[in-house]
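As a plain string of letters, each chain reads:
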Amino acid sequence: GPRKTTGAAYVMELLGRTFPIWGCVVLLILTRLEQIGLKGYLTLREPYFEIVFNTYGTFRLSASLVFQLINILTFPGLNWKYELLYTPFVIPF
C-alpha cells in the first residue's frame, strides 16, 4: 500500500517492521544485565527430564528448556548443552 509519512499509523508500521532487530537487542540487554537477574532463570539445569541412551549418552531437558547430552559415547566429561531461552535465535521472529 501507499507509504504513511506521519502519525501513529506510521510509528506502528515502523515498530512492526523493525521488531526482529530491536526485539533481539532488547532481549540481549535484558538477559545480559546481572542487575535484572534473568540469566539465572533462563539457564537453570534442574529440575530436568532425563532419557538414557546407553552408550550414546544421557539426554536431559530442564524446565528452562536447556537441552543437554551428557557423557557422549561414554566419554566422561564430553558434554553438550544448548540454552534455548538464553540464546535469542528464534524468539524475536
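Residues numbered from 1 in each chain as written. Predicted model: local features only at pLDDT ≥ 70, side-chain atom pairs only at ≥ 80, totals over all residues. Heavy atoms only, no water.

**Student:** Quick question: what am I supposed to make of the pattern of salt bridges here?
**Tutor:** Between side chains of opposite charge, a pair can form as their charged atoms come close. If you walk through the whole model with that rule in mind, you get 3 salt bridges. Note that R17 and E13 form a salt bridge whose closest N and O atoms lie 2.9 Å from each other. Of this pair, R17 and E13 both sit in helix α1 (residues 8–32), separated by 4 residues, roughly a single helical turn. (Salt bridge = Lys/Arg side-chain N within 4 Å of Asp/Glu carboxyl O. Helix = DSSP H or I, 4+ residues; strand = E, 2+ residues; numbered from the N terminus.)

**Student:** Could you clarify how one ought to interpret the packing of aromatic side chains in this entry?
**Tutor:** For any pair of aromatic rings, the description consists of the separation of the ring centres together with the inter-plane angle of the planes. For the coordinates displayed, the defined rule picks out 2 aromatic pairs. On the basis of an interplanar angle of 85° and a centroid distance of 4.9 Å, the ring pair of F19 and W22 is categorised as edge-to-face. Linking F19 with W22, this pair stays in helix α1, spanning 3 residues, or about one helical turn. On the basis of relative accessibility, which here comes to 34%, the residue F19 falls in the partly exposed class. Taking relative accessible area as the criterion, W22 reaches 36% and is therefore assigned partly exposed. Ring geometry for F59 and F67: centres 6.2 Å apart, planes at 35°, overall tilted. (Phe/Tyr/Trp six-rings, centres within 6.5 Å; stacked < 30°, edge-to-face > 60°. Buried < 20%, exposed > 50% of the residue type's maximum accessible area, 1.4 Å probe, protein only.)

**Student:** Help me understand unusual backbone geometry in this model?
**Tutor:** Phi is mostly negative for residues that are not glycine, and the peptide bonds are mostly trans. Of the consecutive residues E46 and P47, the connecting peptide bond is found in the cis state with omega at 0°. On the secondary structure map, P47 appears in the loop between α2 (38–42) and β1 (48–52). Of note in the backbone geometry, N54 takes a positive phi value of approximately 55° without being a glycine. On the basis of relative accessibility, which here comes to 66%, the residue N54 falls in the exposed class. Its identity is not glycine, yet L73 carries a phi of approximately 50°, on the positive side. Of note, L73 is situated in the loop between β3 (66–70) and β4 (80–83).

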